[in-house]
Amino acid sequence: MKSLFISCIVFLCFQACGQRPKDAAQANIPMKDLPKSEAEWKAKLTPDEYYILRQKGTERPFTGKFVMHSEKGVYTCRGCGAHLFSSNSKFDAHCGWPSFDKEIKAGVIKETVDNTLGMRRIEITCGKCGGHLGHVFDDGPTETGLRYCVNSVSLSFEASK
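- Under an unreviewed UniProt entry, the name given to the protein is peptide-methionine (R)-S-oxide reductase, and the organism recorded is Aquirufa salirivi.
- The UniProt entry for the protein carries the following comment under Catalytic activity (unreviewed entry): "L-methionyl-[protein] + [thioredoxin]-disulfide + H2O = L-methionyl-(R)-S-oxide-[protein] + [thioredoxin]-dithiol".

1. Section: the overall build of the protein
Here comes step 1: Each helix and strand in the protein was counted, giving three helices and nine strands.
Here comes step 2: Secondary structure of the protein in N-to-C order comes out as α-α-α-β-β-β-β-β-β-β-β-β.
Here comes step 3: Long-range pairs, those at least 24 residues apart, make up 60% of the contacts in the protein between residues at least 6 apart in sequence.
Here comes step 4: As presented, the protein carries roughly 9000 Å² of accessible surface, and 54% of it is formed by carbon and sulfur atoms.

2. Re the packing of aromatic side chains
Here comes step 1: Within the structure shown, the criterion is met by six aromatic pairs.
Here comes step 2: On the basis of an interplanar angle of 90 degrees and a centroid distance of 5.4 Å, the ring pair of F66 and Y75 is categorised as edge-to-face.
Here comes step 3: With a centroid separation of 4.2 Å and 10 degrees between ring planes, the pair formed by F85 and F100 is classed as stacked. Remark: F100 occurs in strand β4 (residues 99–100) and F85 occurs in strand β2 (residues 83–86); sequence separation between them is 15 residues.
Here comes step 4: Taken together through their ring pairs, the aromatic side chains of F66, Y75, F85, F100, Y148 and F157 make up a single cluster.

3. Looking at the environment of G57
Here comes step 1: Inspection of the secondary structure assignment puts G57 in the loop between α3 (47–54) and β1 (73–77).
Here comes step 2: The sequence separation of G57 and H132 amounts to 75 residues, and the corresponding C-alpha distance is 7.9 Å.
Here comes step 3: Those residues in contact with G57 that sit more than four places away from it in its chain are Y51, I52, H132 and N151.

4. Focus on the nonpolar core
Here comes step 1: One finds L84, F85, I109, Y148 and V150 to be the most contacted residues of the largest nonpolar core, which totals 24 residues.
Here comes step 2: Those elements that place two or more of their residues in this core are α3, β1, β2, β6 (121–126), β7 (132–137) and β8 (147–150).
Here comes step 3: No other element matches β6, which puts three residues into this core.
Here comes step 4: Contact partners of V150, with chain neighbours within four places excluded, come to E59, F85, W97, P98, F100, I124, L133 and L155.

5. Quick word on α3
For the α-helix, the turn length of 3.6 residues means that residues three or four positions removed from each other point alike.
Here comes step 1: Residues of α3 that are buried include every one of E49, Y50, I52 and L53, and no others.
Here comes step 2: As for α3, its buried residues are in contact with α2 (38–44) and β7.
Here comes step 3: One or two steps after α3, the chain reaches K56, where phi turns positive at roughly 60 degrees.

6. Description of the sheet that holds strand β5 (residues 109–114)
Here comes step 1: If you walk across this open sheet you meet the six strands as β3-β4-β8-β7-β6-β5, and the pairing is antiparallel. The open sheet has two edge strands, β3 (90–91) and β5, and neither has a second partner.

7. Some words on the side chain of H135
Here comes step 1: Take H135: it is sitting in strand β7.
Here comes step 2: Residue H135 is classed as buried on the basis of its relative accessible area, which comes to 6%.
Here comes step 3: Among the polar contacts made by the side chain of H135, one reaches the side chain of D114 at a distance of 2.8 Å.

8. Considerations on unusual backbone geometry
Here comes step 1: At F62, a residue that is not glycine, the phi angle is positive and equals roughly 65 degrees.
Here comes step 2: With respect to the helices and strands, F62 occurs in the loop between α3 and β1.
Here comes step 3: According to the relative accessible area criterion, F62 is exposed, its value standing at 52%.
Here comes step 4: You will see that H94, though not glycine, has its phi angle at about 60 degrees, which is positive.
Here comes step 5: Here H94 falls in the exposed class, since its relative accessible area comes to 59%.

Conventions adopted
Along every chain, residues carry numbers that run from 1 in the direction the sequence is written. pLDDT decides what is reported in this predicted model: residues at 70 or higher carry local features, side-chain atom pairs at 80 or more are listed and counted, and totals for whole chains, interfaces and linings draw on all residues regardless. Hydrogen atoms and water are omitted, and side-chain values are computed over all heavy atoms in the structure. UniProt positions are given in the numbering used here, feature names are shortened, and annotations may be inferred rather than shown by experiment. Only runs of H or I of at least four residues qualify as helices and only runs of E of at least two qualify as strands under DSSP, and these elements are numbered from the N terminus. Contacts: residue pairs with any heavy atoms within 4.5 Å of one another. The Shrake-Rupley method, run with a 1.4 Å probe sphere, supplies the accessible areas, and residue values consider only the shown protein chains as cover. Here is the rule: rings of Phe, Tyr and Trp (six-membered ring for Trp) pair when centre to centre is within 6.5 Å. Planes less than 30 degrees apart are stacked, more than 60 are edge-to-face, and the remainder are tilted. By convention a nonpolar core is built from buried Ala, Val, Leu, Ile, Met, Phe, Trp, Tyr and Cys residues, the set being connected through side-chain atoms within 4.5 Å. Each residue gets one of three labels from its accessible area relative to the maximum for its type: buried under 20%, exposed over 50%, partly exposed in between, using a 1.4 Å probe on protein chains only. The rule for pairing is simple: two strands pair if DSSP sees at least two bridges between them. Definition of a polar contact: a pair of N or O atoms within 3.5 Å, with one able to donate and the other able to accept a hydrogen when the atoms are protein atoms, and with sequence-neighbouring residues admitted only if both atoms are side-chain atoms.

Rendered as structure tokens:
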């Protein structure tokens, strides 16, 4: 319990408040092969993947496999395989989660105001399957000024050939 409390405190320390979602079109990707029920999602995903992607959970900071990952390629949604981020947009934000400064293509990520935990944030979800990815903040160090803070568990990776 103490470990969970400390993880929550660390998580809250890295959150920003008062952000507004940008306008982004919903991704227009066929949905025919996606699970139709939560029972089907539970059968498809590991318990950690289900907790984060479907129940809007978060992994502990500095524990994800993509935090320090630097291989060239494309980061995809673990739930459906949609292309989300290029490795060219990844940077080290020192926040404990993989960070990107832009989505691979406009509309592949959906943004929604998230007022949970007593703060205002912008949740990011996969535009194809609706899986929870993390949050986006307007404190990024690159020219976009954005920091897409993503759970490694929400991602897969396709290396460049």
